[in-house]
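# Structural features, examined
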Amino acid sequence: QQFFFEQADFSGSRVLITAGPTYEAIDPVRFIGNHSSGKMGIALAEEFAKRGALVELVLGPSAQTVQTANIHVTRVTSAEEMFNACATMFSSCQIAVMSAAVADYTPVVTADEKIKKADGNLHVELKRTKDILASLGALKTKEQLLVGFALETQNEKAYALQKLEAKNADMIVLNSLNDQGAGFGKDTNKITIFDKNKQEYTFPVKSKREVAKDIVDTIKHLIHV
Ligand code: CTP
Ligand code: CA
């Protein structure tokens, strides 16, 4: 009988990961959401767990299920719930990766009853949600490593670098919707990573599982440089 030992290079680390979309309720039956599947964040959680980490996965309303040892899943619906879960868990984690597609706006009021249609247009007033990545960036200690994602359709590099800086992240993973084989719901992704030292890492189109490995390897590299 043969045993194959996995690389346990993250054993003893606690990793906070956000994944999936958020849903912002308009009334009891309707919401504002987005096309995020949660697959990229779940692949990251699985890669970290495989390598010995304890993962706190804060998962929005995704169709995916996760039942992996060493991944503790907190299910949330709205951006506010995701923020609260992260605010509670961040201080006990050494690494945080914000891969969720968090809603930027939420209804000012959620109607108690189903909104009935009427003649003319419906106006739903929206307010800004809290930025989870930026909030953790403001709380971060020297011992913590914070990773963000960026989804852009234009001026990709400039916008990604702006986000890295503005949110006080250590690394940002740029996801390009324009690239073939990348995007929502797909099983493949194409990423470029920028770190706080202005290093740029480019990768070809790969499966989300392989992309997760590239991201975790880059995090490991950044911890050790
Ligand atoms: N993010 C977050 N909380 C929010 C909005 C975004 O934590 N309320 C995080 C995402 O998880 C991602 C990063 O911020 O890691 C960038 O998200 P993105 O939507 O690309 O950028 P925004 O800063 O929201 O700017 P915009 O959507 O206008 O490009
Ligand atoms: Ca956004």
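Residues numbered from 1 in each chain as written. Chains lettered and ligands numbered in written order. Predicted model: local features only at pLDDT ≥ 70, side-chain atom pairs only at ≥ 80, totals over all residues.

### A closer look at the pairing of strand 12 (residues 191-195)
The condition is simple: Whether two strands pair depends on DSSP finding at least two bridges between them. Secondary structure follows DSSP: runs of H or I at least 4 residues long count as helices, runs of E at least 2 residues long count as strands, and numbering of each begins at the N terminus.
Sheet analysis places strand 10 (residues 171-176) next to strand 12, joined by five bridges and oriented antiparallel. Counterpart to Asn175 in the pairing with strand 12 is Ile191. Sheet topology note: the strand 12/strand 13 (residues 200-202) ladder contains three bridges and is antiparallel. Bridge assignment links Thr192 to a residue of strand 13, and that residue is Thr202. Remark: four residues form the turn of the hairpin made by strand 12 and strand 13, two consecutive strands paired antiparallel; Lys198 in that turn has positive phi of roughly 65°.

### Points about unusual backbone geometry
Stated precisely, the cut-off is as follows: Exposure in this text rests on C-beta crowding, where 20 or more other C-beta atoms within 10 Å of a residue's own make it buried, 12 or fewer make it exposed, and counts in between make it partly exposed. The C-beta atoms are placed from the backbone.
One non-glycine residue with positive phi stands out, namely Asn155, at about 45°. Turning to its location among the elements, Asn155 is positioned in the loop between strand 9 (145-152) and helix 4 (156-166). Classification of Asn155 by C-beta neighbours within 10 Å gives exposed; the count is 10. Of note, Asn168 is a non-glycine position whose phi angle comes to about 55°, a positive value. With respect to the secondary-structure elements, Asn168 resides in the loop between helix 4 and strand 10. Judged by the 17 C-beta atoms lying within 10 Å of it, Asn168 falls in the partly exposed class.

### Structural notes on the confidence of the model for the chain
Here is the rule: On a scale of 0 to 100, pLDDT captures the predictor's confidence in every residue.
The predicted model of the chain averages 94 in pLDDT, with 94% of residues at 70 or higher. Taken together, the chains of this predicted complex give a pTM of 0.95 and an interface ipTM of 0.99.

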